[in-house]
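Here is what each chain is made of, one letter per residue.
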Amino acid sequence: MSKKQIKAPLPTGEYAVGVFTYTVHNDREETMYNALGTMRSIPVKVYYPATRESVEGLPKARYMSKATIDAIRKNFYVPIKYEKVESNGTNRSECYENVPFIEGERFPLILFNYGYCSYLEANTYLLIELASHGYVVASVGHPYEGMITELDDGTTLKMAKGIASKAYSPMLPSIIALLKLQKAKGTNEELWEQFDAVQKKYNRFIIERLPEWKLDTKAALKVLKDKYSGMIDLENGVGLTGHSMGGATAFALCEDEPETFTCGINIDGGLFGIHDGKVITTPFLQMSSDANKTAVTVAFVKNKNVAYHAILRDMQHLGFSDMKHVIPLKSQVGGLDPDIAHKTVFGIHLEFFDAYLKKAKAKPSLESNDAVTITEYEPH
């Protein structure tokens, strides 16, 4: 990436894409340690199909705010400045603010949650691509647990101090245990037992936060049902996807509420959470880097429906987000070409949701190639 530009992939679907935001204000009492005694408010950003005629001559929506870019520069040490990407026009997304909904048409709904300590626009390219192919896609924010959280009233909430040390506690033994797990061998059952022991010992804070992320997601969904029912088709339920902690949230919701959340994808997240005595009855797809493939095998142990594992070659954890197109360091995002990575991650999403949410085909056409290895697991 040039220090002065952001190179974004272009959406390939038949639709133009609109975008709007809303905030679920004062949903419930805040349980984050740095904000006890306050109320929790959840920002949501929604991408949706629009006609190409409706966006003609309109300016494209801003990609990231100054506060977000400043937070990325501080946390990821990326040499990107808001003023430069604004002046050269690259801080724009392939979508348009508040353009009209397509009258008389409704589209399946996918909810997305970002990774822990990430931000609302972290997977914008994927979400816009899905919207261009006929999905309403809502990105859900999590106050104090993202590097920056911006509400519609102008409030900006910074990430809670000390959050990383709480997520992995104590830090050094936790990191060592997870690194050992990356190299572990065994059956899916054995690998799940090892991961479960590690998370219950070192990642109790993440386990405790997962129910709150589920509540954030359901609060966002309630508003969509109440205020935007004319644009969403819920006949086949709601789809879920998410990166890292967001993917673990997708799995937990599919596991616990399959009548509402009918299929899901986890993008390179360890499947944190208490899964004892539970099964998952919805179709689910786990996308992984090679480093994280041993932290997800519960998806293939407790599945009462079809499950898939897609392992992308030469990828690092951040490479599954927009950072693949922003950070030039292979040590951070992996060596797989950014355009190939985007095409692969999106293509898997589209095949999966076209089959299990849109019901446009009996099953997804998922095949291994030079970029990804696909394994299908039959129900237990």
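Scroll up to find the structure this text is about.
If you're wondering where the values come from, they're calculated on a predicted model, not measured in any experiment.

Caption draft 1: The arrangement of the packing of helix α7 (residues 204-227) against helix α8 (residues 245-256) in detail. For the pair α7 and α8, the least separation of the axes is 9 Å and the interaxial angle reads 75°. One finds that α7 runs roughly perpendicular with respect to α8. Along its contact with α7, which presents I206, R209, L210, W213, K214, T217 and K218, the element α8 presents M245, G246, A248, T249, A252, L253 and D256. Classifying every residue of the contact of α7 with α8 by side-chain character gives seven nonpolar, three polar and four charged.

Caption draft 2: Focus on the packing of helix α5 (residues 171-182) against helix α6 (residues 188-202). Two numbers describe how α5 lies on α6: the axes approach to 10 Å, and their chain directions differ by 170°. Considered as vectors, α5 and α6 are oriented roughly antiparallel to each other. When α5 is examined against α6, the residues P173, S174, A177, L178 and L181 are found in contact with a partner set consisting of L191, Q194, F195, V198 and Y202. Each residue belonging to the contact of α5 with α6 can be placed in one class, and the counts come to eight nonpolar, two polar and no charged.

Caption draft 3: Broad picture of α5. Its twelve residues give α5 an end-to-end C-alpha distance of 17 Å, which sits within 8% of 16 Å, the value for a rise of 1.5 Å per residue. Buried within α5 are the following residues: S174, A177, L178 and L181. Down the axis of α5, the smallest arc covering the buried residues is 95°, so these residues share one side. Turned more than 90 degrees away from the buried face of α5 sit L172 and K180, all of them exposed. On the buried face of α5, the contacting elements are α6.

Caption draft 4: Quick peek at α6. The first and last C-alpha atoms of α6 sit 21 Å apart over 15 residues, in line with the 21 Å expected at 1.5 Å per residue. Turning to α6, its buried residues number three or more, namely N188, L191, W192, F195, D196, V198, Q199 and Y202. Looking down the long axis of α6, one finds its buried residues gathered within 165° of arc, a one-sided arrangement. Packing partners of the buried residues in α6 comprise α4 (163-167), α5, α7 and β13 (372-377).

Caption draft 5: Seen up close, the layout of surface pockets. Within this model, the largest pocket holds a volume of roughly 1200 Å³. Around the largest pocket, the lining is made up of 42 residues, and of these Y116, Y168, S244, N292 and H317 lie nearest the centre. If you list the elements that add at least two residues to the lining of the largest pocket, you get α1 (66-76), α4, α5 and α9 (330-333). For the lining of the largest pocket, the leading source of residues is α5, giving six residues. In the lining of the largest pocket, the residues fall into 24 nonpolar, 17 polar and one charged. For the second largest pocket, the calculated volume is near 510 Å³. As for the second largest pocket, its lining consists of 30 residues, and the residues nearest its centre are T21, K45, L120, E121 and E150. For the lining of the second largest pocket, the secondary-structure elements that each account for two or more residues are β1 (16-29), β2 (39-50) and β6 (148-150).

Caption draft 6: Region of interest: the nonpolar core. Counting residues in hydrophobic clusters, the biggest one holds 127 residues, and the most contacted among them are Y22, L111, L224, L285 and M287. If we ignore the near neighbours within four places in the chain, the residues touching Y22 are I42, P43, V44, V46, D152, A220, V223, L224 and Y228.

Caption draft 7: Looking closely at empty space enclosed by the protein. One pass over the structure, following the stated rule, counts three cavities of 30 Å³ or more. The computed volume of the largest cavity comes to approximately 110 Å³. G319, F320, S321, D322 and H342 are, among the 13 residues lining the largest cavity, the residues nearest its centre. Among the elements of the structure, α3 (124-132) and α10 (338-356) are those that each provide at least two residues to the lining of the largest cavity. Element by element, the count of residues in the lining of the largest cavity is highest for α10, at three residues. When its residues are assigned to classes, the lining of the largest cavity shows six nonpolar, five polar and two charged. There is about 90 Å³ of room inside the second largest cavity. Lining of the second largest cavity is provided by A8, P9, L10, P11, Y63, R92, S93, E94, Y125, I128, E129 and H342. When residues of the lining of the second largest cavity are assigned to their parent elements, the largest contribution, three residues, is made by α3. Of the residues belonging to the lining of the second largest cavity, the class tally is seven nonpolar, two polar and three charged.

Cut-offs applied
- Residues numbered from 1 in each chain as written.
- Predicted model: local features only at pLDDT ≥ 70, side-chain atom pairs only at ≥ 80, totals over all residues.
- Heavy atoms only, no water.
- Axes fitted to C-alpha atoms, helices over the stretch in contact; angles between N-to-C directions.
- Helix = DSSP H or I, 4+ residues; strand = E, 2+ residues; numbered from the N terminus.
- Parallel < 35°, antiparallel > 145°, perpendicular 65-115°, else oblique.
- Contact = heavy atoms within 4.5 Å.
- Nonpolar A, V, L, I, M, F, W, Y, C, P; charged D, E, K, R; others polar.
- Expected span 1.5 Å × (residues − 1).
- Buried < 20%, exposed > 50% of the residue type's maximum accessible area, 1.4 Å probe, protein only.
- Arc of directions from axis to C-beta.
- 1 Å grid on protein atoms, 1.4 Å probe; cavity = no way out; pocket = protein on both sides within 12 Å on 5 of 7 lines; lining within 4 Å.
- Points joined across faces, edges and corners; volume = space filled by probe spheres on them.
- Core = buried A, V, L, I, M, F, W, Y, C linked by side-chain atoms within 4.5 Å.

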